[in-house]
Amino acid sequence: AVNDWVYPTINNGVYRCGFATSQEAYDKAIDELTASFDRVASILERQRFIAGDVLTEADIRLFVTLVRFDEVYNVYFKTNTRSVSTTPAVLNYCREIYQMA
């Protein structure tokens, strides 16, 4: 399921980067985060939501991290290999979910 890789590599991945206690730990976390961010972008280029065409819990879990990604995690946790604002599929996804509220 989507949450099996989104949580450890994205939701928790940003914290693994920010609180890494060694360069090796940071490198592993940022590589996994970057790969998963690219995976999310690829999925969202083909479908409306992360698990298909219907909003699910997986989307809410992903959205809460993505909405803070550029302004918080890129700056303070050094997760700046990717950004929501420069990834059209991910940016549009965030906009759509935000507008549902």
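Refer to the structure presented above.
Residues numbered from 1 in each chain as written. Predicted model: local features only at pLDDT ≥ 70, side-chain atom pairs only at ≥ 80, totals over all residues. Heavy atoms only, no water.

Undergrad: Explain the overall build of the protein here, please?
TA: What the protein contains, in helices and strands, is five helices and zero strands. Taken against the 2.2 N^0.38 rule, which gives 13 Å for 101 residues, the C-alpha radius of gyration of the protein at 13 Å falls within 12% of a compact globule. Over its C-alpha atoms, taken along the principal directions, the protein stretches across nearly 40 × 25 × 20 Å. The buried share among the 101 residues of the protein stands at 43%. Considering only residue pairs separated by 6 or more positions, the protein has 64% of its internal contacts joining residues 24 or more positions apart. (Helix = DSSP H or I, 4+ residues; strand = E, 2+ residues; numbered from the N terminus. Rg over C-alpha atoms; globule rule 2.2 N^0.38 Å. Buried < 20%, exposed > 50% of the residue type's maximum accessible area, 1.4 Å probe, protein only. Contact = heavy atoms within 4.5 Å.)

Undergrad: Where do I start with the environment of Trp 5 in this structure?
TA: Following the sequence through the fold, Trp 5 ends up in helix H1 (residues 3-11). Accessibility expressed as a relative area gives 13% for Trp 5, which makes it buried. Excluding residues that lie within four positions of it along the chain, Trp 5 makes contacts with Ile 10, Ser 36, Arg 39, Val 40, Ile 43 and Ile 50.

Undergrad: Any chance you could explain the packing of aromatic side chains here in plain terms?
TA: Within a pair of aromatic rings, the relevant descriptors are the distance that separates the centres and the angle that separates the planes. All chains considered together, the criterion is met by six aromatic pairs. Between Tyr 15 and Phe 19, the ring centres sit 6.3 Å apart and the planes meet at 5°, which makes this aromatic pair stacked. A relative accessible area of 33% means that Tyr 15 is categorised as partly exposed. Pairing Phe 37 with Phe 69 gives two aromatic rings, centres 5.3 Å apart and planes at 35°, and the pair type is tilted. (Phe/Tyr/Trp six-rings, centres within 6.5 Å; stacked < 30°, edge-to-face > 60°.)

Undergrad: In this structure, what is going on with the pattern of salt bridges? I would like to understand it.
TA: When charged atoms on two side chains of opposite charge get close, those side chains can pair. According to the stated counting rule, one finds five salt bridges in the structure shown. The residue Glu 32 makes a salt bridge to Arg 16 at a minimum N-O spacing of 2.8 Å. Pair noted here: Glu 32 is in helix H3 (residues 23-46) and Arg 16 is in helix H2 (residues 13-18), with a separation of 16 residues, a long-range link. The class of Glu 32 is partly exposed, set by a relative accessible area of 25%. Residue Arg 16 is classed as partly exposed on the basis of its relative accessible area, which comes to 26%. (Salt bridge = Lys/Arg side-chain N within 4 Å of Asp/Glu carboxyl O.)

Undergrad: Any chance you could explain H3 here in plain terms?
TA: Three- or four-residue spacings in an α-helix give side chains the same orientation, since the helix completes a turn every 3.6 residues. The terminal C-alpha atoms of H3 lie 35 Å apart, and with 24 residues this matches the ideal 34 Å at 1.5 Å per residue to within 8%. Along H3, the residues that are buried comprise Tyr 26, Ala 29, Ile 30, Leu 33, Thr 34, Ser 36, Phe 37, Val 40, Ala 41, Ile 43 and Leu 44. Contacts made by the buried residues of H3 are with H1, H2, helix H4 (57-76) and helix H5 (88-100). (Expected span 1.5 Å × (residues − 1).)

Undergrad: Help me understand a nonpolar patch on the surface, please; the structure alone is not making it clear to me.
TA: Side chains of Leu 55, Ile 60, Val 64 and Met 100 sit close together on the surface and give an oily, nonpolar patch of about 300 Å² of accessible area. By secondary structure assignment, the location of Leu 55 is in the loop between H3 and H4. For Leu 55, a relative accessible area of 35% gives the class partly exposed. (Patch = residues over 30% accessible without salt bridge, like charges linked within 9 Å, V, L, I, M, F, W, Y side chains within 5 Å. Areas by Shrake-Rupley, 256 points an atom, 1.4 Å probe, with all protein chains shown as cover.)

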